[in-house]
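# Analysis of the macromolecular model
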Amino acid sequence: MSSFVQTRGVFCVGLTGGIGSGKSTVAALFAQHGAGIVDTDAIAHSLTQAGGEAIEAIRAAFGSDYLTDDDALDRARMRGLIFSDVAAKQRLELLLHPLIREQAKAQLLQLKASPYIILVVPLLPESPAFRQLVQRVLVVDCEENTQIARVIGRNKMTEAEVRAIITRQTPRAERLQLADDVIHNDAGLDSLTVQVAALHERYLSAKN
């Protein structure tokens, strides 16, 4: 059964953006308007926390050195590995992405009574399987220097580390080409709130 059939009748907007662009903040604002939220980053964290569904597969593929003492994914260590080893990155994605997609589809169906659903997928531009689940693509966009400052403040990473992540993500111009809608997040929460409110009305009209 295709992904489209499995989620038929659900009006779903794919929300994406680069690291530090403000995806979680935008999703939270949509939630205040009553939208259902499915966050693939949250699903990935659940899968890789202590006792998570992906832990034994990660242990088998990478060894216990990439798990913490309480058997959760050692995120910092794994991040260091996949930035230096493309094959390791692909191996991790092959483990996680099918599990993330199945949980995302299940959550979409659970939320099908919502006025519409925001599906938060950081890797949406490079994920055809997720793009099949959405009717519109919403990109949260900001200047690269803004991204870097936010991530340094939030994750205690160095500027070089953040730039390395940005370099490996879909280029900003390509994300914007994919977008049906764009939220500009360089001007603070008040501006975000206005933009989300306008899109909320548009998505309600599209659903109806």
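Please refer to the structure higher up on the page.
What comes next concerns the included structure. (Residues numbered from 1 in each chain as written. Predicted model: local features only at pLDDT ≥ 70, side-chain atom pairs only at ≥ 80, totals over all residues. Heavy atoms only, no water.)

## Points about the layout of surface pockets
Computed from the structure, the largest pocket encloses a volume of approximately 1400 Å³. Lining the largest pocket are 41 residues; nearest its centre among them are Asp41, His45, Pro122, Leu123 and Gln169. Counting only elements with at least two residues in the lining of the largest pocket, the list comes to α2 (23–32), α3 (40–48), α5 (75–84), α6 (86–110), α8 (144–155) and α9 (159–168). Among the residues forming the lining of the largest pocket, the class breakdown is 17 nonpolar, 14 polar and 10 charged. (1 Å grid on protein atoms, 1.4 Å probe; cavity = no way out; pocket = protein on both sides within 12 Å on 5 of 7 lines; lining within 4 Å. Points joined across faces, edges and corners; volume = space filled by probe spheres on them. Helix = DSSP H or I, 4+ residues; strand = E, 2+ residues; numbered from the N terminus. Nonpolar A, V, L, I, M, F, W, Y, C, P; charged D, E, K, R; others polar.)

## Re the side chain of Thr48
Locating Thr48 in the fold gives a position in helix α3. There is a polar contact of 2.8 Å between the side chain of Thr48 and the backbone oxygen of Ala44. If sequence neighbours within four positions are ignored, Thr48 has contacts with Ala54, Ile55, Ile58, Ala72, Leu73, Arg75 and Leu96. (Polar contact = N/O pair within 3.5 Å; in protein donor to acceptor, adjacent residues only side chain to side chain. Contact = heavy atoms within 4.5 Å.)

## Some points on the nonpolar core
Residues Ile58, Phe62, Met78, Leu119 and Phe130 are the most contacted members of the largest nonpolar core, which totals 32 residues. Where this core is concerned, the elements lending two or more residues are α3, α4 (55–62), α5, α6, β3 (117–120) and β4 (136–141). Among the elements that line this core, the one with the most residues is α6, at 6 residues. Ignoring any residue separated from it by four or fewer positions in sequence, one finds Leu119 in contact with Cys12, Val13, Gly14, Leu15, Val38, Thr40, Ala104, Phe130, Leu133 and Val134. Membership of the second largest hydrophobic core comes to 18 residues, among which are Val13, Val26, Val120 and Leu192. (Core = buried A, V, L, I, M, F, W, Y, C linked by side-chain atoms within 4.5 Å. Buried < 20%, exposed > 50% of the residue type's maximum accessible area, 1.4 Å probe, protein only.)

## Some remarks on empty space enclosed by the protein
Here the structure, examined in full by the defined rule, presents 1 cavity of 30 Å³ or more. Its boundaries defined by the atoms lining it, the largest cavity holds a volume of some 40 Å³. What lines the largest cavity is simply Gly17, Gly18, Pro122, Leu123, Glu126, Gln169, Thr170 and Arg175. Across the lining of the largest cavity, the residue classes break down as 2 nonpolar, 4 polar and 2 charged.

## A word on the sheet that holds β3
As summarised here, the arrangement of the 5 strands in space is β2-β3-β1-β4-β5, forming an open sheet in which the pairing is parallel. With one partner strand each, in any of the chains shown, β2 (36–39) and β5 (181–184) form the two edges of the open sheet. Each adjacent strand pair in this sheet contributes to an overall mean axis angle of 25°, direction not counted. Pairing analysis gives 4 bridges linking strand β1 (residues 12–16) to β4, with the strands arranged parallel. (Pairing = 2+ DSSP bridges. Axes fitted to C-alpha atoms, helices over the stretch in contact; angles between N-to-C directions.)

## So, α4
When α4 is considered as a whole, its buried residues turn out to be Ile55, Ile58 and Phe62. End-on, the buried residues of α4 take up no more than an arc of 60°, which puts them together on one face. Gly63 sits one or two positions beyond α4 and adopts a positive phi of about 95°. (Arc of directions from axis to C-beta.)

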